[in-house]
Amino acid sequence: MEASAYAKNCPSRQILDRIGDTWSVLIVMMLADGPQRYTALSRRIEGVSPKMLTQTLRGLERDGLIGRTVHAEVPPRVDYELTALGRSLLGLVGALENWAENHIEDVQAARAAYDNPGVRVSA
């Protein structure tokens with residue numbers, strides 16, 4: 001079967017869901033600088049619940065995008081880091097991050113114009 005994200009049953013859709021998810025993008029960007037502990041990820045990524053962070057990390061690990069290392073210490077220490085496959089996403093997610101930060105004012109202006117028809121709003 002040839003991969004096509006437009007095909008209803010193509011597994012590539014699941015990958016698009018994973019890498020297009022807000023939390024996944026933020027986690028990949030945080031891990032770009034090297035391994036991070038769970039607590040560092042949870043402190044830096046504001047608004048992510050512990051449950052969602054854990055689910056996202058597990059999904060990224062299952063898909064081969066991050067690795068998880070458990071250190072035999074008391075208390076236990078777990079580090080997460082990008083795999084080679086995960087590092088191959090850095091250009092893509094970095095571009096998404098840059099685009100979002102560079103165009104937020106344009107998007108906010110478009111939203112305001114949409115939400116308030118007839119009112120002229122400029123960016």
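Below or above, wherever it landed, is the structure these notes cover. (Residues numbered from 1 in each chain as written. Predicted model: local features only at pLDDT ≥ 70, side-chain atom pairs only at ≥ 80, totals over all residues. Heavy atoms only, no water.)

**Comments concerning the packing of helix H2 (residues 22-31) against helix H4 (residues 50-62)**
Logical step 1: At a minimum axis separation of 10 Å, H2 and H4 run at an interaxial angle of 70 degrees. For the element pair H2 / H4, the angle class is roughly perpendicular. Contact with H2, carried on its side by Trp23, Ser24 and Ile27, involves Met52, Leu53, Thr56, Leu57 and Leu60 of H4 and no other residues of that element.
Logical step 2: Residue composition of the contact of H2 with H4, by class: 6 nonpolar, 2 polar and no charged. (Axes fitted to C-alpha atoms, helices over the stretch in contact; angles between N-to-C directions. Helix = DSSP H or I, 4+ residues; strand = E, 2+ residues; numbered from the N terminus. Parallel < 35°, antiparallel > 145°, perpendicular 65-115°, else oblique. Contact = heavy atoms within 4.5 Å. Nonpolar A, V, L, I, M, F, W, Y, C, P; charged D, E, K, R; others polar.)

**Here we look at the nonpolar core**
One recurring pattern in soluble globular proteins is that nonpolar side chains are buried together.
Logical step 1: Grouped together as the largest cluster of nonpolar side chains are 20 residues, with contacts concentrated most on Ile27, Leu31, Leu41, Leu53, Leu57, Ile66 and Tyr80.
Logical step 2: If you list the elements that add at least two residues to this core, you get H2, H4 and strand E3 (77-82).
Logical step 3: By residue number, the principal contributor to this core is H2, which donates 6 residues.
Logical step 4: Apart from residues lying up to four places away in sequence, Leu57 is in contact with Ile27, Tyr38, Leu41, Ile66 and Tyr80. (Core = buried A, V, L, I, M, F, W, Y, C linked by side-chain atoms within 4.5 Å. Buried < 20%, exposed > 50% of the residue type's maximum accessible area, 1.4 Å probe, protein only.)

**Here's the deal with the pattern of salt bridges**
Logical step 1: Applying the stated criterion across every chain yields a total of 3 salt bridges.
Logical step 2: Between Glu73 and Arg77 there is a salt bridge; the shortest N-O distance is 3.1 Å.
Logical step 3: The exposure class of Glu73 is partly exposed, given its relative accessible area of 36%.
Logical step 4: Between Arg77 and Asp79 there is a salt bridge, with the nearest N and O atoms lying 2.9 Å from each other.
Logical step 5: Asp79 sits in the buried class, given a relative accessible area of 13%. (Salt bridge = Lys/Arg side-chain N within 4 Å of Asp/Glu carboxyl O.)

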